[in-house]
Amino acid sequence: MKTLENALQEGRRFLKEKQIADSDIDAWYLLSFLFRMNRAHYLMHSSMPISKEQYCEYMELIKKRGNHIPLQHITGEQEFMGLNFKVSNEVLIPRQDTEILVQEVLKAADGKTVLDMCTGSGCIIISLDRLGNIKSGTGADISASALKIADENNTRLEANVQFLQSNLFEQVQGKYDIIVSNPPYIPTSDIETLMEEVKDHEPSIALDGKEDGLYFYRRILSEGTDYINPGGFIFFEIGCDQGAAVSQLLKEKGFQDIRIIKDLAGLDRVVTGRYVNQEEPFT
Ligand code: GLN
């Protein structure tokens, strides 16, 4: 007869043997996911017997994780900004670093219209809509299958975001007070060096920033200025070594008040600037 504790120990051992990073934590998450149980409940009931079927079901999840399938693809969810988002292999799994971007936009977003370019799961714009006081939120993405997930998240989290299938700005209309984007920013040649979980299971369209990783910053800046109200802001998430290069791109486009914001690890993570249209100065 197996107990919850036996299952957890076996899960931990298996994942460690498969050299899964954070094996102990992932074994625990899968147990807590399957048995819908928090830590306190487990500590009180760890010697509770489980059925053979339950044990096998748990070990099936563990085996998937042992094959480097991301935890979030097994559970189908990821917490972001305290909200529970649905995820799949069609969208980038929301990252904790991106919460820095959302927190920064929240400081400027009261009563503003916001466009999230390359919205993926919709985690950025849905969080802004739910946690902020924005006037309206729009999310654009080239991928129809990503937008399906974004739409499901919109309903699941009772948000009120409009989603739009668009190759960058092709289908975007009107102007916005704020454009926010976490575009693909990994240089193509670095993708091979990423963890198996990322390079083999997350959509490469959400990762690949082409040759130098800056392709989408250039495109969004050169096309996006037609879609920002004078005096409006742009907010980008960036790779930790892209702060200087992306700031320079903003400068070349005439942005002002350019700032780099660091993440919790002290690395450059967000670049922002204010768009002042030269022809119609903001008053
Ligand atoms: N905006 C989404 C996120 O931050 C997707 C980003 C992407 O696909 N590059 O998670």
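The rules behind each value
Residues numbered from 1 in each chain as written. Predicted model: local features only at pLDDT ≥ 70, side-chain atom pairs only at ≥ 80, totals over all residues. Heavy atoms only, no water. Helix = DSSP H or I, 4+ residues; strand = E, 2+ residues; numbered from the N terminus. Buried < 20%, exposed > 50% of the residue type's maximum accessible area, 1.4 Å probe, protein only. Lys, Arg positive; Asp, Glu negative; His and termini not counted. Salt bridge = Lys/Arg side-chain N within 4 Å of Asp/Glu carboxyl O. Contact = heavy atoms within 4.5 Å. Near = heavy atom within 4 Å. Polar contact = N/O pair within 3.5 Å; in protein donor to acceptor, adjacent residues only side chain to side chain. Areas by Shrake-Rupley, 256 points an atom, 1.4 Å probe, with all protein chains shown as cover. Nonpolar A, V, L, I, M, F, W, Y, C, P; charged D, E, K, R; others polar. Pairing = 2+ DSSP bridges. Axes fitted to C-alpha atoms, helices over the stretch in contact; angles between N-to-C directions.

(A) Region of interest: the side chain of glutamate 99. Residue position: glutamate 99 is located in helix α6 (residues 97-108). No salt bridge is formed by the buried glutamate 99. Its closest oppositely charged neighbour is arginine 269, at 11 Å.

(B) Structural view of the environment of tyrosine 217. With respect to the helices and strands, tyrosine 217 occurs in helix α11 (residues 215-224). Put simply, tyrosine 217 and alanine 245 are 28 residues apart on the chain and 9.8 Å apart in space, counted from C-alpha to C-alpha. In this structure, tyrosine 217 is in contact with Pro183, Tyr185, Phe236, Glu237, Ile238, Gly239, Gln242, Val246 and Leu249, ignoring residues within four places of it in sequence.

(C) Quick peek at unusual backbone geometry. With phi around 55 degrees, aspartate 22 is a residue other than glycine that occupies positive phi space. For aspartate 22, the position within the fold is in the loop between α1 (4-17) and α2 (23-35). Phi at glutamate 158 takes a positive value of approximately 55 degrees, unusual for a residue other than glycine.

(D) Local environment of the site of the ligand. As a matter of local geometry, the ligand sits amid Leu92, Thr98, Cys118, Thr119, Gly120, Cys123, Ile124, Asn182, Pro183, Pro184 and Ala206. Between threonine 119 and the ligand, the recorded distance is 3.3 Å, taken from a backbone N or O atom to a nitrogen atom. Within the side chain of asparagine 182, one N or O atom sits 2.8 Å away from an oxygen atom of the ligand. Coverage of the ligand by the protein amounts to 97% of the 300 Å² it exposes when considered alone. Counted by class, the shell around the ligand contains seven nonpolar, four polar and no charged residues.

(E) Geometry of the sheet that holds strand β11 (residues 268-275). Taken in spatial order, the seven strands make up an open sheet running β7-β6-β5-β8-β9-β11-β10, and their pairing is mixed. In the strand order of this sheet, the two ends are held by β7 (162-165) and β10 (255-262), each with one partner. Strand-to-strand, the axes of this sheet are offset by a mean angle of 15 degrees, without reference to chain direction. Two elements, β10 and β11, share six bridges in a ladder whose sense is antiparallel.

So yeah, pure geometry; function would need other evidence.
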